[in-house]
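# Structural overview for review
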Amino acid sequence: VFDAGTGTTSFSNLIKSAFQLTGYAPLGADLVLILSARYGQVFQLQDGSRTFPDRYFYLGGSDTLRGFPQESLSMADAPPGLPSAGGNVFVVLRSELRLPLGDTFGMAVFADIGNLWREFTNIDLTTLRYTVGLGFLINTPIGPLSFDYGFNIVRREDWGESLGALHFSIGSF
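Everything in this summary refers to the structure shown in the same document. Every chain is numbered on its own, with residues counted from 1 as its sequence reads. Restriction of local features to residues with pLDDT of at least 70 applies here, the model being predicted, together with a cutoff of 80 or more for giving and counting side-chain atom pairs; totals for whole chains, interfaces and linings are based on all residues. To get the side-chain values, take all heavy atoms of the structure and skip hydrogens and water.

## Considering the pairing of strand 5 (residues 89–101)
Note the threshold: Two strands are counted as paired when DSSP detects at least two bridges linking them. Strands are runs of DSSP state E lasting at least two residues, helices are runs of H or I lasting at least four, and both sets are numbered from the N terminus onward.
Sheet topology places strand 4 (residues 32–44) next to strand 5; 10 bridges connect them, and they run antiparallel. Bridge pairing in strand 5 places Arg 38 opposite Val 92. Relative to strand 6 (residues 105–117), strand 5 is paired through 13 bridges, and the arrangement is antiparallel. Across the sheet, residue Val 91 finds its bridge partner in strand 6, namely Asn 115. In this structure, the hairpin formed by strand 5 and strand 6 is closed by a connection of 3 residues, where Gly 102 is found at a positive phi of approximately 95°.

Next comes the structure, spelled out in structure tokens:
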């Protein structure tokens with residue numbers, strides 16, 4: 001790809017990998033604890049290769065950190081004053097406790113922890129972002145319909161982050 005602004009050509013030769021481990025643990029009285037750990041990393045296969053924005057990982061939303069709007073989390077190693085979504089490495093840890101409210105309805109209490117970095121060498125677990133929230137579930141034949149509201153615990157107002165986000169999803173955790 002030729003960049004007219006810099007007069008240089010860039011290319012992308014990479015492997016994008018992601019791993020997830022999820023467990024469901026019944027806690028008696030129909031309570032269910034769900035735990036999930038995810039990790040992803042982009043590996044450059046050639047010197048000079050770079051990740052184009054459509055190949056980055058993005059966090060925020062119903063399947064990652066529910067306290068952020070979809071794909072809006074800025075990477076931890078963004079240049080000062082220049083928040084930027086999308087990165088080459090991410091870590092996400094999620095937990096949810098589901099409580100039944102009859103056969104059809106339920107509610108959930110959840111916590112999500114994670115972050116995103118442009119470079120593997122910049123990973124700093126002290127920069128993890130934390131969200132907590134509540135959800136309302138409707139059990140259907142195609143899986144639960146979830147309405148979740150997550151709160152961004154340590155909001156970066158200087159980056160324009162909101163207090164939280166509302167999410168809708170269909171299916172499992």
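There's plenty left to go through after this.
## Focus: the pairing of strand 6
Examined bridge by bridge, strand 6 and strand 7 (residues 129–138) share 10 bridges and lie antiparallel to one another. Residue pairing across strands places Ile 113 opposite Tyr 130, the latter belonging to strand 7.

## Things to note about the packing of aromatic side chains
Stated formally: Note on aromatic pairs: the rings of Phe, Tyr and Trp (six-membered ring only in Trp) are paired at centre separations within 6.5 Å, and the planes decide the class, stacked below 30 degrees, edge-to-face beyond 60, tilted for the rest. Two thresholds decide whether a charge sits over a ring: the Lys NZ or Arg CZ must be within 6 Å of the ring centre and within 35 degrees of the ring normal.
Under the defined criterion, the tally for this structure stands at 4 aromatic pairs. A ring pair is formed by Phe 105 and Phe 136, whose centres lie 5.6 Å apart and whose planes are at 25°; its orientation type is stacked. Separated by 31 residues along the polypeptide, Phe 105 in strand 6 and Phe 136 in strand 7 bring together distant segments of the chain. The ring of Phe 110 has Arg 66 lying over it, and the distance from NZ or CZ to the ring centre is 3.7 Å.

## Quick look at a nonpolar patch on the surface
Applied cut-off: Residues qualify for a patch when their relative accessible area is over 30% and they have no salt bridge, like charges being joined within 9 Å and the nonpolar side chains of Val, Leu, Ile, Met, Phe, Trp and Tyr within 5 Å. Computed by Shrake-Rupley with a 1.4 Å probe, the accessible areas treat only the displayed protein chains as cover when residues are assessed. Criterion for a salt bridge: a side-chain nitrogen of Lys or Arg within 4 Å of a carboxyl oxygen of Asp or Glu.
Taken together, the side chains of Tyr 130, Val 132, Tyr 149, Phe 151, Ile 153, Val 154, Leu 163 and Leu 166 present a nonpolar region at the surface, about 730 Å² in accessible area. Taken together, the elements giving at least two residues each to the nonpolar patch come down to strand 7 and strand 8 (145–152). Along the chain, Phe 151 falls in strand 8.

## Here's the deal with the side chain of Glu 96
Test applied: For each residue, the accessible area found with a 1.4 Å probe, counting protein chains only, is set against the maximum for its type, and the residue is called buried under 20%, exposed over 50%, and partly exposed in between. In protein, a polar contact requires one atom able to donate a hydrogen and another able to accept it; more generally it is a pair of N or O atoms within 3.5 Å, and residues adjacent in sequence count only if both atoms are side-chain atoms. The criterion used for residue contact is that any of the two residues' heavy atoms lie within 4.5 Å.
Looking at the secondary structure, you find Glu 96 in strand 5. Overall, Glu 96 belongs to the buried group, its relative accessible area being 3%. A polar contact of 2.6 Å, which involves the side chain of Glu 96, links it to the side chain of Arg 98. When sequence neighbours within four positions are dropped, the list of residues in contact with Glu 96 reads Val 32, Leu 33, Ile 34, Arg 66, Ala 108, Val 109, Phe 110 and Phe 173.

## Looking at the layout of surface pockets
Note the following rule: Of the grid points, spaced at 1 Å and generated over the protein atoms alone, those admitting a 1.4 Å probe that cannot get out make up cavities, while open sets with protein on both sides within 12 Å along at least five of seven lines make up pockets; any residue with an atom within 4 Å of a point is treated as lining. Grid points are joined across faces, edges and corners, and a volume is the space filled by probe spheres set on the points. For this classification, Asp, Glu, Lys and Arg are treated as charged, while Ala, Val, Leu, Ile, Met, Phe, Trp, Tyr, Cys and Pro are nonpolar and the rest, including Gly, are polar.
For the largest pocket, the calculated volume is near 220 Å³. Residue lining of the largest pocket: 16 residues in total, with Ser 62, Asp 63, Arg 94, Ser 172 and Phe 173 positioned closest to the centre. Put simply, the parts of the chain that give the lining of the largest pocket at least two residues each are strand 4, strand 5, strand 8 and strand 9 (164–170). Looking at the lining of the largest pocket, the element that brings in the most residues is strand 5, giving 3 residues. Here the lining of the largest pocket is built from residues that sort into 2 nonpolar, 7 polar and 7 charged.

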